Amino acid sequence: MPYNPQDHYFKLAKKEGFVARSAYKLDEIQKRWHLIRRDAKVLDLGCSPGSWSQIVLKILGPTGILRGIDLKPVDASVLNLRATNAHFMVGDIFTVPREQYAEAPYDVILSDMAPNTTGIAITDKTRSEELCMKVVELSGSILAPGGHIVMKLFMGGGAKTVENAVKSRFKSHHLFRPKGVRKESSEIYLVGIGKRG
């Protein structure tokens, strides 16, 4: 099937006011596991352009807290956000100092991060795994006991290493491919539920 950037989810996102089709990936994960709760503290890594943040803020209500970090800025005006509990910053998770995670410990860490792709499959998968391992490392210090993680992972290469790292740190874990993932993509989502104390 040829690549179609304006598929069903693209059109649906435009219709429903989401800045990107990726909103439906998190929406499906949330409906399946109910990881994000009202009044929670959520860290959204790789948050730009903001579609996952839109989903999160609908759930959190006015007293939950969202922190978004990305190499690219998020235009809050495009998101139609009037929330004062959403805080976005430009940064690289490999160099962001600990004090920037001001709201930690978080109840949920989300990562829709992907490396700048090269077109070389092994290189792209390796970079994806490095991002995921950084998220796992962060979860050790800034995720509350009992908290959850969701992160994008490209299958192949060292993906099993990432899965085993999550398995050892969380009470349960799941590999899940939302319907919103393009058929030609190797991306999958790794969900870790209930961080061990």
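Please refer to the structure higher up on the page.
Reading the values: rules and limits
- Residues numbered from 1 in each chain as written.
- Predicted model: local features only at pLDDT ≥ 70, side-chain atom pairs only at ≥ 80, totals over all residues.
- Heavy atoms only, no water.
- 1 Å grid on protein atoms, 1.4 Å probe; cavity = no way out; pocket = protein on both sides within 12 Å on 5 of 7 lines; lining within 4 Å.
- Points joined across faces, edges and corners; volume = space filled by probe spheres on them.
- Helix = DSSP H or I, 4+ residues; strand = E, 2+ residues; numbered from the N terminus.
- Nonpolar A, V, L, I, M, F, W, Y, C, P; charged D, E, K, R; others polar.
- Pairing = 2+ DSSP bridges.
- Axes fitted to C-alpha atoms, helices over the stretch in contact; angles between N-to-C directions.
- Contact = heavy atoms within 4.5 Å.
- Disulfide = S-S within 2.5 Å.
- Buried < 20%, exposed > 50% of the residue type's maximum accessible area, 1.4 Å probe, protein only.
- Polar contact = N/O pair within 3.5 Å; in protein donor to acceptor, adjacent residues only side chain to side chain.
- Salt bridge = Lys/Arg side-chain N within 4 Å of Asp/Glu carboxyl O.

1. Some details on the layout of surface pockets
- By volume, the largest pocket is sized at about 960 Å³.
- Sorting the residues of the lining of the largest pocket by element identifies helix H1 (8–16), strand E1 (41–45), helix H3 (51–60), strand E2 (65–70) and helix H4 (121–142) as the ones contributing at least two each.
- Tallied by class, residues from the lining of the largest pocket come to 18 nonpolar, seven polar and twelve charged.

2. Here's the deal with the sheet that holds strand E3 (residues 86–90)
- Read across the open sheet, the seven strands follow the order E3-E2-E1-E4-E5-E7-E6; overall the sheet is mixed. At either end of the open sheet lies a strand with only one pairing partner, and these are E3 and strand E6 (170–176). Strand-to-strand twist across the sheet, computed as the mean angle between neighbouring axes with direction ignored, equals 15 degrees.
- As defined by bridge partners, E6 adjoins strand E7 (residues 187–195) across six bridges and the pair is classed as antiparallel. In the strand pairing of E7, Ser172 is matched with Ile193.
- Where H3 meets the sheet, it contacts E1, E2, E3, strand E4 (106–111), strand E5 (143–154) and E7, and its direction lies at approximately 170 degrees from that of E2.
- Most of the contacts of H4 go to E5, to which it runs at about 175 degrees, and overall it touches E1, E4, E5, E6 and E7.

3. Considerations on the state of the cysteines
- Tallied over the full model, the rule gives zero disulfides.
- Counting only cysteine sulfurs, Cys132 is the nearest neighbor of Cys47, a cysteine outside any disulfide, at a range of 16 Å.
- What makes Cys47 buried here is its relative accessible area of 3%.
- For Cys132, a relative accessible area of 2% puts it in the buried group.

4. Thoughts on the environment of His148
- Tracing the backbone shows His148 in strand E5.
- For His148, a relative accessible area of 16% gives the class buried.
- Spatially, the C-alpha atom of His148 lies 28 Å from that of Val78, the residues being 70 residues apart in sequence.
- If we ignore the near neighbours within four places in the chain, the residues touching His148 are Leu35, Asp107, Val108, Ile109, Leu143, Phe170, Gly192, Ile193 and Gly194.
- One polar contact links the side chain of His148 to the main-chain amide nitrogen of Gly194, over a distance of 3.0 Å.

5. Considerations on the pattern of salt bridges
- All chains considered together, the criterion is met by seven salt bridges.
- The closest approach of N and O atoms between Glu187 and Lys152, which form a salt bridge, is 3.8 Å. Of this pair, Glu187 sits in strand E7 while Lys152 sits in strand E5, placing them 35 residues apart in sequence. Per residue, the accessibility class of Glu187 equals that of Lys152, and both read buried.
- Its salt-bridge partner being Glu163, residue Lys160 comes within 3.3 Å of it at the nearest N-O pair. On the criterion of helical spacing, the pair formed by Lys160 and Glu163 is a turn pair, its members being three residues apart in helix H5 (residues 159–169).
- Given a relative accessible area of 52%, Lys160 falls into the exposed group.
- Note on Glu163: relative accessible area 13%, which makes it buried.

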